[in-house]
Amino acid sequence: MEKEWIEIVDEEGNYTGQVIEKEEAHDKNLLHNEVAVFVINNNYQVLLQKRNPHKRFNPNKWALCAGHVDAKESLEDAALRELKEEIGVEFSKKELIPFAKREFSIQDTNSHITYFYYVKCNKKDSEFVIQKEELSEVKWFSFDEIIDRIERKDNTIVFHENRLYLFETLKNL
């Protein structure tokens, strides 16, 4: 598997000039940028993807289409690349809508800043071409179901109470 190179950022999200291999950045817990994209449909549902059981972080859990921003890559290009790689759908930059404030996640490993976007898509579950190395399946969920799971502290999803506002806001668009 090819190594992924990412840029390290400071607490303000500014690039430090340091480019490092992704796994080394995780091991050293260096702050870096990530993107997360809500794929929503006209039925007020959001597409979640079940992470591959071999993933280092959150295996077998339902999550958004998300990933690291590669070195020298814009946030928007990273979001569009992740959508194409993970679910096999190409979107244009004008279809990609920035959403919410960036979110800092400082942890013991994988500290990062997440930038959120959303896109509209009305494909059926079966029409997505998933990246098997990353995912095991995709499924549409109602916003209410995800909100309920977060409130119940369901451990089959990656979301916690700090992310409730994202789903509640999108539900009301």
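Quick notes on the rules
- Every residue gets a number counted from 1 within its own chain, in the order that chain's sequence is written.
- Under the rules for a predicted model, residues below a pLDDT of 70 receive no local features and side-chain atom pairs below 80 are neither given nor counted, while totals for whole chains, interfaces and linings still include all residues.
- Side-chain measures were taken over the full set of non-hydrogen atoms in the model, leaving aside hydrogen atoms and water.
- When the centres of two rings from Phe, Tyr and Trp lie within 6.5 Å, Trp using its six-membered ring, the rings pair. Their planes under 30 degrees apart give stacked, over 60 give edge-to-face, and anything left gives tilted.
- The way it works is that DSSP assigns letters per residue, a run of H or I at least four long becomes a helix, a run of E at least two long becomes a strand, and they are numbered from the N terminus.
- Per-residue accessibility, obtained with a 1.4 Å probe over protein chains only, is compared with the maximum for each type, and a residue is labelled buried under 20%, exposed over 50%, and partly exposed between these values.
- Each reported salt bridge corresponds to a side-chain nitrogen of Lys or Arg within 4 Å of a carboxyl oxygen of Asp or Glu.
- The contact definition used throughout considers only heavy atoms, calling two residues in contact when any of these lie within 4.5 Å.

What follows concerns the packing of aromatic side chains. For the structure shown, the criterion picks out seven aromatic pairs. Note on F38 and F116: the rings are 6.3 Å apart at their centroids and 45 degrees apart in plane angle, and the pair reads as tilted. Pair noted here: F38 is in strand 3 (residues 32–40) and F116 is in strand 8 (residues 112–120), with a separation of 78 residues, a long-range link. Taken as a pair, F38 and F116 share a single burial class, namely buried.

Applying the stated criterion across every chain, the model contains 19 salt bridges. Ionic contacts of the salt-bridge type, sharing partners, join the residues E4, K22, E23, D27 and R56 into one network.

Next up on the list: the side chain of S105. Along the chain, S105 turns up in strand 7 (residues 97–105). Beyond its immediate sequence surroundings of up to four residues, S105 is in contact with N110, S111 and H112.

Remember that the coordinates give geometry; whether it matters functionally is a separate question.
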